[in-house]
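Structural overview
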Amino acid sequence: SSSAGGGAADSSGATQKAYRPEQEQLAREICQAAKNKTRGYYDVLKVEKGASEDEIKRAYKKLALKLHPDKNTAPSAENAFKMV
């Protein structure tokens with residue numbers, strides 16, 4: 001039996017790499033936060049609106065590493081990475 005991201009081939013015959021459920025969850029959270037127009041990037045980066053420039057840069061780098069397509073193969077990770 002095959003689980004989420006278990007390396008199963010899709011209809012085009014391409015094989016997806018395995019991913020952890022928390023990777024997909026993070027990607028979905030980022031996509032949802034990006035839709036929030038009132039706080040926007042603060043929600044995406046999970047920082048307070050009054051965060052310093054340094055805090056924002058650290059949050060960006062940390063999130064970009066977690067969502068990078070080479071590290072996170074979850075289906076929605078690529079879109080989430082682009083939103084960051």
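The rules behind the values
The residue numbers shown here count from 1 along each chain, following its written sequence. Totals for whole chains, interfaces and linings use every residue, but because this is a predicted model, local features are given only for residues with pLDDT of at least 70 and side-chain atom pairs only at 80 or more, for both listing and counting. Only hydrogens and water are set aside when side-chain values are computed; all heavy atoms of the structure are taken into account. Only DSSP runs of H or I reaching four residues or more are called helices, and only runs of E reaching two or more are called strands; each is numbered from the N terminus. For the exposure calls, accessible area comes from a 1.4 Å probe over protein chains only, and a residue counts as buried if that area is under 20% of its type's maximum, exposed if over 50%, partly exposed in between. We get accessible surface area from the Shrake-Rupley algorithm with a probe of 1.4 Å; when it comes to residues, only the shown protein chains can shield them. The rule for a salt bridge is simple: a side-chain nitrogen of Lys or Arg has to be within 4 Å of a carboxyl oxygen of Asp or Glu. Each residue gets a pLDDT score, which is the predictor's confidence in that residue and runs from 0 to 100. By the convention used here, residues are in contact when the closest approach between their heavy atoms is within 4.5 Å. Here the expected span of a helix is defined as 1.5 Å times the quantity of residues minus one. This arc corresponds to the set of directions leading from the helix axis out to the C-beta atoms. Remark: nonpolar core denotes a set of buried residues (Ala, Val, Leu, Ile, Met, Phe, Trp, Tyr, Cys) joined through side-chain atoms within 4.5 Å.

**Topic: the overall build of the protein chain**
The helix and strand tally for the protein chain stands at 4 helices and 0 strands. For the protein chain, the proportion of its 84 residues judged to be buried stands at 29%. Of the roughly 6000 Å² that the protein chain leaves accessible, carbon and sulfur atoms contribute 51%.

**Brief notes about unusual backbone geometry**
As a rule of thumb, non-glycine residues mostly have phi less than zero, and peptide bonds are mostly trans rather than cis. Its identity is not glycine, yet Lys46 carries a phi of approximately 60 degrees, on the positive side. Position of Lys46 among the secondary structure elements: in the loop between helix H2 (41-45) and helix H3 (53-67).

**Observations regarding the pattern of salt bridges**
Taken as a whole and judged by the stated rule, the model has 6 salt bridges. Across the pair Arg58 and Asp54 runs a salt bridge whose closest N-O atoms are separated by 2.9 Å. On the criterion of helical spacing, the pair formed by Arg58 and Asp54 is a turn pair, its members being 4 residues apart in helix H3. You can call Asp54 partly exposed: its relative accessible area is 44%. The shortest N-O distance in the salt bridge between Lys82 and Glu78 comes to 3.6 Å. Linking Lys82 with Glu78, this pair stays in helix H4 (residues 77-83), spanning 4 residues, or about one helical turn.

**Details of the confidence of the model for the protein chain**
Per-residue confidence for the protein chain averages 77 on the pLDDT scale, and 76% of its residues sit at or above 70. Within the protein chain, H3 carries the highest mean pLDDT (92), whereas H2 carries the lowest (81). Scored below 50 in pLDDT, residues 1-15 shows 12 contacts in the model against residues more than four places distant or in partner chains.

**Re H3**
The terminal C-alpha atoms of H3 lie 21 Å apart, and with 15 residues this matches the ideal 21 Å at 1.5 Å per residue to within 8%. All buried positions along H3 are accounted for by Ala59, Leu63, Ala64 and Leu67. The buried residues of H3 occupy one face: seen down the axis, they fall within an arc of 130 degrees. Of the exposed residues in H3, those oriented more than 90 degrees away from the buried face are Arg58, Lys61, Lys62 and Leu65.

**Things to note about the nonpolar core**
Grouped together as the largest cluster of nonpolar side chains are 17 residues, with contacts concentrated most on Ile30, Val44, Leu45, Leu63, Leu67, Ala80 and Val84. Where this core is concerned, the elements lending two or more residues are helix H1 (21-34), H2, H3 and H4. The dominant element in this core, judged by the number of residues it contributes, is H1, at 5 residues. Apart from residues no more than four positions distant in its own chain, Ile30 is found in contact with Val44, Lys46, Leu63, Leu67, Ala80, Met83 and Val84.

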